[in-house]
Amino acid sequence: MTYDVNLPRDHQAVYPNRCVRCHGDPKGNRIRLWTNMVGWWSFVLLIFGWPVSTTVPACRPCKLQIRLQRLGVWIFMLLLSVVFMWFVWPMVDDFIPKFVRKWVAVGMIMICALPFFIWQHIVPPCFDFTAYQRSIDYEFKDRDYAVEFANLNRHAD
């Protein structure tokens, strides 16, 4: 479970001066994280919008852990897609009409990834954010950090 704080997209988020992962002193260290803006087109057209970034306080050891976790998600999804296309797709390719093959392949990859998405929901990362056209959801694993973040950004409402 995450604790989400929604802020307007044009608001410059202010973070508590402690590591977002271990809550220790970041000693001035920060990590810049990127995501793509999502909207109706993300699911309909399977494309993502403009990149959005935020800079979060994180101590040096936690910066590495956060990077590895985020990189691990991309590597996992890439490997899952390759394994699916290599082993499963040849078995079903002949049964699917040509005009829907791409959509069926994407759908099957999403179904294969469903356990991973469920795991991400049960054991979320320490911090994540989702950007929309007009707002950003800042998602924290720690409730106290989320409350402090919300209080620091209260004037954004």
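Residues numbered from 1 in each chain as written. Predicted model: local features only at pLDDT ≥ 70, side-chain atom pairs only at ≥ 80, totals over all residues. Heavy atoms only, no water.

Next up on the list: the pattern of salt bridges. Applying the stated rule across the entire model yields three salt bridges. Across the pair Glu148 and Arg18 runs a salt bridge, and its minimum N-O distance is 2.7 Å. Taken together, the positions of Glu148 in helix H4 (residues 143-152) and Arg18 in the loop between strand S1 (3-8) and strand S2 (30-36) put the pair 130 residues apart, joining distant regions of the chain. The partner of Asp93 in a salt bridge is Arg101, with the nearest N and O atoms 3.3 Å apart. Among the residues examined, Arg101 registers a relative accessible area of 23% and is labelled partly exposed. (Salt bridge = Lys/Arg side-chain N within 4 Å of Asp/Glu carboxyl O. Helix = DSSP H or I, 4+ residues; strand = E, 2+ residues; numbered from the N terminus. Buried < 20%, exposed > 50% of the residue type's maximum accessible area, 1.4 Å probe, protein only.)

This part is about the nonpolar core. In this structure, Tyr15, Val20, Phe127, Tyr138, Phe140 and Phe149 are the most contacted members of the largest nonpolar core, which totals 25 residues. Mapped onto this core, the elements with two or more residues apiece are S1, S2, strand S3 (51-57), helix H2 (60-92), strand S4 (127-131), strand S5 (135-140) and H4. With five residues, the next largest nonpolar core counts Trp89, Ile96, Ala105 and Ile109 among its residues. (Core = buried A, V, L, I, M, F, W, Y, C linked by side-chain atoms within 4.5 Å.)

Let us now look at the pairing of S5. Judged by how many residues are buried, S5 sits mostly within the fold: six of six residues are covered. Going residue by residue along S5, you find Ser135, Asp137 and Glu139 tucked away on one face and Ile136, Tyr138 and Phe140 tucked away on the opposite face as well. Judged from the six bridges that link them, S1 and S5 form a sheet pairing that is antiparallel. The residue of S5 that forms the bridge with Asn6 is Asp137. Here S4 pairs with S5 via five bridges, running antiparallel. Within the sheet, the bridge partner assigned to Ala131 lies in S5 and is Ile136. Hairpin connection from S4 to S5: three residues lie between these consecutive antiparallel strands. (Pairing = 2+ DSSP bridges.)

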